[in-house]
Structure formats: C-alpha cells, structure tokens
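# Understanding the architecture of this molecule
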Amino acid sequence: MKFIYRIYLFLFAVIFFAMCNASVDNEEEAKQEEWAEAGVINQRLGRGINLGNALEAPKEGDWGVVLQSEYFRLIKEAGFNSVRIPVRWSAHAKVDSPFTIDPSFMERVSWAVNQAFANGLLAVINIHHYDELFADPPAHKQRFLALWKQIAERFQQHSQNLLFEILNEPHDQLTPALWNDYLAEALTVIRKTNPLRTVIIGTANWGGIDALDELVLPDDERLILTFHYYQPFQFTHQGAEWVSGSDAWLGTKWLGAPQEIQAIQKDFDRVSQRAALHNIAVFMGEFGAYRKADFASRVRWTSTVAREAEKRNFSWAYWEFCAGFGIYDTQSSSWLNDLLRALIPR
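Let me begin by describing the structure that accompanies this report. Computed from a prediction, not measured in an experiment: that's the story for all the values here.

Further remarks concern the pattern of salt bridges. Under the defined criterion, the tally for this structure stands at 19 salt bridges. Several salt bridges converge on common partners, so that one network encompasses Asp269, Glu308, Lys311 and Arg312.

Spelled out as structure tokens, the structure:
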C-alpha cells in the first residue's frame, strides 16, 4: 500500500512539475508576444519631436531650455506621437571606473520618460554629445559601455514604449569602421538586461547618409535604422553660430523647385533601398532648418521633408521643440502655427 502511495506521489509530482514548466513557458511566450516587432514600434513612433537643448546641454538650462511637464502635454495635444530626448550622460558620470551616473540626473531623465508615458507618447533616449568619445574612442570605450550598462539596468522594467538609441552622430575619431565595433558591443551590453527592447542605430560621419553603406548592422530583429537630414546644409544651417562661415549663407532660400525636391527624393530613396536590403525600419531622428532662414522657406522645406519621409514609411522626429530650430515659442506660450502645420497637417 505504501509502495502504491509513493507511486501516486511520484506521478503527481511529475505532472505538477510538468504543468509548472508549461505555465512558465506559456507565460514567457505570452510576455514575448506582448512586445511588438521593431517595425510596429517604428509605426507607433510616427511623428515625433526632439526635446533639444535641455538634457544634452552641459547642464540643463545652460542652453536656455529646462523641461516642463506641460511641454509633453502640448506636444501630445498638437498631434505628435513621440518624443526623442537627447541626453548628455557623459557630463553627469564619474570619470573613473565604475563610471557611476549621478543618481539625481538619472532621476531627471526618468522623470522625462515618465512624463512622455503619462501623456501617451513614446520616448527615445540616447547618448548625446559624448565629445570625449569622439575625440579619443579607445580612452572612453569602457566608460561608454559602462554608461549603457547603467542606463539599460535602470530602464529595463519600462514598457516597449521606451526605445534606446545607442549614440548620436558618431564622428571625428570614431570612424565608420570603429563605430561598427562599438555599436555591436554596446548592443550586447543592452541585451543582457533588455533582450526585447527596440534599439535604434545610426550612421557615422555625423549621422547622415554619407556613411550609410559603411554601417554594419548586427544580426538582431529588434533594431531600427536612423539617420539625420539637414540638406541642403547651407540652407538649414545659415547663420548658425556654431558653424564656421555660416553667415555667408544668410539669405539662402528653399523654394520647393522640382530639382530641390528631387534631391530630397534621391537621398530618401537611397535610405529606403538600403533599409529594404536589410529588412529594417527607418527613423529619421533629426531634421530642421535654423531660425535665421526665412520663415516661408522653412515651412516649405519642413513640409516636403516630412511628407517624403512618410511616403517611404519613415517615422521621424523634428529638431526641435522650443530652441533655435523650434516650433514653439516659450515666451508667448504659442506655436509657430505654419511650421507646426508643415509637420502635422490639419
């Protein structure tokens, strides 16, 4: 009798263990099913805007912008789907190992992400303006990877509505070949704690399309390709104080002539063809024309770029909300309506 009882107990234990394993497996499968493919996430990014000149300044406020909770509400109400939040982590982390990020700054970035979520917006956070890395990549490689380890760990519990962008506009000594190595290692670090999160990867040589063919994309299904678009540069950056010689370009107009539109189409077709080759979605992470260009030209150019991107199913984020390229005037608390409508037609 005891022998039969033990057999029953053994069989019960086997069945119970199998059921538990099946439950765990099913829960894991369900969890994975809840996370959409990168292409779907890219569609949700849709029309976005950069919260520029704030958290990527050396210190928030140094460049005239301090993020306010109302900005996120305004952005949502205007019809945008997402925000890109540039972040200068390198200015808020120890210079020696383990390169700890200032907890108060981490909280500030977390606040911004949560504000986006509270207003129904997707959010992209990146590493922005890591100038020391661009000047001397080997000396800063471990710090760069350590920053991503901390960022990834901190935000690993956030929903798929948060996206990571590995690095903004690699350039200078961070060559296309070197960037391919660094991005792959950074992605490996991110995947240890965020195996399902959508990650955005851009090109070297300042994030434009010139280095597109040199970019090596890792074998990962949850990636989005990004590029920045400021062509023609002499129009979009005329009078820009940080660009040497740009005052000579003042007065440059963009009239929307056939050849001007065709130049944009040609550039975007190149990106689209490259993306199709790799079966990857595209996010135009920055585009805009500086405030010193004549306003009518800015409106024409902005509308054309946005619509041509949408024709190719690119999501996009305009540069920027309320600074030099901005579409919102914080002094008068009002939108520059023509420019807003160039982005979000009524």
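On we go.
Its place among the elements puts proline 176 in helix H7 (residues 176–193). Judged by relative accessible area, proline 176 falls into the buried class, the value being 13%. Spatially, the C-alpha atoms of proline 176 and aspartate 213 are 9.7 Å apart, while their sequence positions differ by 37 residues. Ignoring sequence-local partners within four residues, the contact set of proline 176 consists of Ala204, Asn205, Ala211 and Glu214.

Locating alanine 116 in the fold gives a position in helix H4 (residues 103–118). With a relative accessible area of 0%, alanine 116 lands in the buried category. The sequence separation of alanine 116 and asparagine 81 amounts to 35 residues, and the corresponding C-alpha distance is 9.8 Å. If near-sequence neighbours (up to four positions away) are discounted, alanine 116 is found in contact with Phe72, Val83, Leu121, Leu122 and Ala123.

So, how was this worked out
Starting from 1, residues in each chain are numbered consecutively following that chain's sequence as written. Owing to the predicted nature of the model, reporting of local features is limited to residues with pLDDT of at least 70; listing and counting of side-chain atom pairs is limited to 80 or more, with chain, interface and lining totals taken over all residues. Hydrogens and water are ignored here; the side-chain numbers use all heavy atoms of the structure. Salt bridge, as used here, is a side-chain nitrogen of Lys or Arg placed within 4 Å of a carboxyl oxygen of Asp or Glu. Put simply, DSSP H or I for four residues or longer makes a helix, DSSP E for two residues or longer makes a strand, and each gets a number counted from the N terminus. Buried, partly exposed and exposed residues are distinguished by accessible area as a fraction of the type maximum, computed with a 1.4 Å probe on protein chains only: under 20%, between the cut-offs, and over 50%, respectively. Throughout, a contact is declared for two residues whenever any of their heavy atoms are within 4.5 Å.

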